Amino acid sequence: MTLGKPSRELIQALRDVKREKKQYFDKATKLKVEYNKGLEINNAENEDDEGGFGKDDVDADADNEVEEVIMLLLTKN
C-alpha cells in the first residue's frame, strides 16, 4: 500500500495541470471565435473590393498564426 499516497499525489498533479491548460484553451477558443466573427464582418464589408492580396491568402496566413498561438498556449508547461 505504499503506492497509494504517491499515486494520489500524481493524479492530483495531473488534474492541476489539466485545469491550468484548460484556462488557456478556453481563452484561445474565445479569441478564435472573436477573430472569425471579425473576419466575417470584414469579408462582408470588402466583398466588392478587388486587388492586393487575395482574401484566401490573407485568411490562410491569419489562420496559421491563430493555430500557432493556440498550440503554444496548449503546450505551455
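A brief look at the structure comes next. Being a predicted model, the structure only gives us computed values, none of them experimental.

The next subject is the overall build of the protein chain. Within the protein chain, the regular secondary structure consists of 2 helices and 0 strands. Taking all 77 residues of the protein chain together, 8% fall into the buried category. Just so you have it, the protein chain exposes about 6800 Å², and 57% of that area is on carbon and sulfur atoms.

Take a negative patch on the surface next. On the surface, Asp61, Glu65, Glu67 and Glu68 cluster together to form a negatively charged patch. Among the structural elements, Glu67 can be located in helix H2 (residues 55-75).

With that settled, the discussion passes to the environment of Asp63. Checked against the element boundaries, Asp63 lands in helix H2. Along the backbone, Asp63 and Asn36 are 27 residues apart, and their C-alpha atoms lie at a distance of 9.3 Å.

All right, on to the pattern of salt bridges then. According to the stated counting rule, one finds 2 salt bridges in the structure shown. For Asp16, the salt bridge identified is with Arg19, shortest N-O distance 2.9 Å. Linking Asp16 with Arg19, this pair stays in helix H1 (residues 4-45), spanning 3 residues, or about one helical turn. Judged by relative accessible area, Arg19 falls into the exposed class, the value being 51%. The shortest N-O distance in the salt bridge between Lys22 and Asp26 comes to 2.7 Å. In this pair, Lys22 and Asp26 are both assigned in helix H1, 4 residues apart and thus about one turn of the helix distant. Classification of Asp26 by relative accessible area gives partly exposed; the value is 37%.

Here is what the cut-offs are and how they apply
Residues numbered from 1 in each chain as written. Predicted model: local features only at pLDDT ≥ 70, side-chain atom pairs only at ≥ 80, totals over all residues. Heavy atoms only, no water. Helix = DSSP H or I, 4+ residues; strand = E, 2+ residues; numbered from the N terminus. Buried < 20%, exposed > 50% of the residue type's maximum accessible area, 1.4 Å probe, protein only. Areas by Shrake-Rupley, 256 points an atom, 1.4 Å probe, with all protein chains shown as cover. Patch = residues over 30% accessible without salt bridge, like charges linked within 9 Å, V, L, I, M, F, W, Y side chains within 5 Å. Salt bridge = Lys/Arg side-chain N within 4 Å of Asp/Glu carboxyl O. Lys, Arg positive; Asp, Glu negative; His and termini not counted. Charge placed at Lys NZ, Arg CZ, Asp CG, Glu CD.

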